Each structure stands twice: as structure tokens, then as C-alpha cells.
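# Structural overview for review
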Amino acid sequence: MQEYIQFFQANPILSLAWVGLFVAFIVTTVKSATSKVANINHQTLTQMVNKQDAIVVDVRSKDEFKKGHIVGAKNVTMSEIKNNQATSLEKHKTSPIIVVCNAGMTSSQASQLLVKQGFESVFNLTGGMTDWKAANLPVVAGKR
């Protein structure tokens, strides 16, 4: 125990960094365990669309959406979700909704907002369109 105290006294910055990382790990773990949004992969997305009629919502910009998106996806930008203007999704409050972005980070935030707005079954595609394209899954270009 004496060695630990000496180490902490000799390396205060390193010790604070370790404590900060440990706290961040605990907070992230608790947040993900209590979140109502489930993270799914591209195989699960395909199964949900085929078997449960899940709605795919792409939160990227309109230009990125036109360059390539998942077949049947609806484009609802993050700003529309933030401003509670996602009127095209209102009739799907009880349907499974899968939110997609480029890498899965923006869609995670959008998913949390949709849950707060009363959507019952919201999922986030981990890896986003980057992983989707890397798996050579179908992408549709053009306006939808």
C-alpha cells in the first residue's frame, strides 16, 4: 500500500489521468446499461427490416443522403430531430426505428432524442454507413 501512495505522490498527473479514465469508463458503462437505445449491426438491421418492417432513418445531410443510402431509408436530418420537426416519423412511434449516420456517433445522439420524443423502439446502427459500405451491402444513390 505504501508503494501506491508513493507512486501517486510522485506522479500526480498520471494518477489524475488514470482516475479520470476510470470514472469515464464507469459513467459510459452505466449509461449504456441504462439506455433505452440498443446498438445493432448491419446483419440485425437487415433482419429487422425484413421481418419486423423496421424503418431506417438516415440522419446525414441531404447531400450525403443523395450520394448513397440504405434502400428504403428516410432522410431526417439531425437538426430536424433536435427541433422536434420529424413529422414524417410521427406515424411510426410504435414501429422499430433504426437510426443511421456516417459512423454511428451522430445517430446515437439522434436515437436518444427520438426516445425522449416518445418513440418506443429505437436502435442505432453501429459503424453507420461506413461499416455498411465496407460489408458491400446495397446502397442506393439519388433523391428519395
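Let me begin by describing the structure that accompanies this report.

Cut-offs used in this document
Residues numbered from 1 in each chain as written. Predicted model: local features only at pLDDT ≥ 70, side-chain atom pairs only at ≥ 80, totals over all residues. Heavy atoms only, no water. Helix = DSSP H or I, 4+ residues; strand = E, 2+ residues; numbered from the N terminus. Rg over C-alpha atoms; globule rule 2.2 N^0.38 Å. Buried < 20%, exposed > 50% of the residue type's maximum accessible area, 1.4 Å probe, protein only. Contact = heavy atoms within 4.5 Å. Areas by Shrake-Rupley, 256 points an atom, 1.4 Å probe, with all protein chains shown as cover. Lys, Arg positive; Asp, Glu negative; His and termini not counted. Charge placed at Lys NZ, Arg CZ, Asp CG, Glu CD. 1 Å grid on protein atoms, 1.4 Å probe; cavity = no way out; pocket = protein on both sides within 12 Å on 5 of 7 lines; lining within 4 Å. Points joined across faces, edges and corners; volume = space filled by probe spheres on them. Nonpolar A, V, L, I, M, F, W, Y, C, P; charged D, E, K, R; others polar. Arc of directions from axis to C-beta.

Here the focus is the overall build of the protein. Within the protein, the regular secondary structure consists of seven helices and five strands. Counting from the amino terminus, helix and strand elements in the protein follow one another as α-α-β-α-β-α-β-α-β-α-β-α. Relative to the globule expectation of 15 Å for 144 residues, the C-alpha radius of gyration of the protein, 20 Å, shows a markedly less compact shape. When the backbone C-alpha atoms are referred to their principal axes, the protein occupies close to 65 × 35 × 30 Å. Across the 144 residues in the protein, those meeting the buried criterion constitute 34%. Once local pairs closer than 6 in sequence are excluded, the contacts in the protein between residues at least 24 apart make up 66%. Only carbon and sulfur atoms are counted for the fraction: they give 58% of the accessible area of the protein, which is about 9,100 Å². Between the centroid of the 15 positive side chains of the protein and the centroid of its 9 negative side chains there is a distance of 6 Å.

Its boundaries defined by the atoms lining it, the largest pocket holds a volume of some 450 Å³. Lining the largest pocket we find 16 residues, and of these Lys31, Ser32, Ser35, Ser108 and Gln112 sit closest to its centre. Where the lining of the largest pocket is concerned, the elements lending two or more residues are α2 (12–34) and α6 (105–116). For the lining of the largest pocket, the class distribution of residues is three nonpolar, twelve polar and one charged. Every residue lining the second largest pocket is counted, 14 residues in all, and those nearest its centre are Leu45, Val49, Val56, Ile70 and Val71.

Within the secondary structure, serine 95 is located in the loop between α5 (78–82) and β4 (96–100). Sequence separation between serine 95 and valine 122 is 27 residues; the distance between their C-alpha atoms is 8.5 Å. Contact partners of serine 95, with chain neighbours within four places excluded, come to Ile55 and Ser121.

Taken together, the buried positions of helix α3 (residues 42–52) are occupied by His42, Leu45 and Met48. Seen from one end, α3 has its buried residues packed into an arc of 120°, which puts them on one side. Across from the buried face of α3, at angles greater than 90 degrees, the exposed residues are Asn50 and Lys51. Where α3 is buried, its residues meet β1 (38–40), β2 (55–58), β4, β5 (121–125) and α7 (128–134). Following α3 by one or two positions, aspartate 53 adopts a phi angle in the positive range, close to 55°.

Interpretation note: all reported values are geometric properties and have no functional meaning in isolation.
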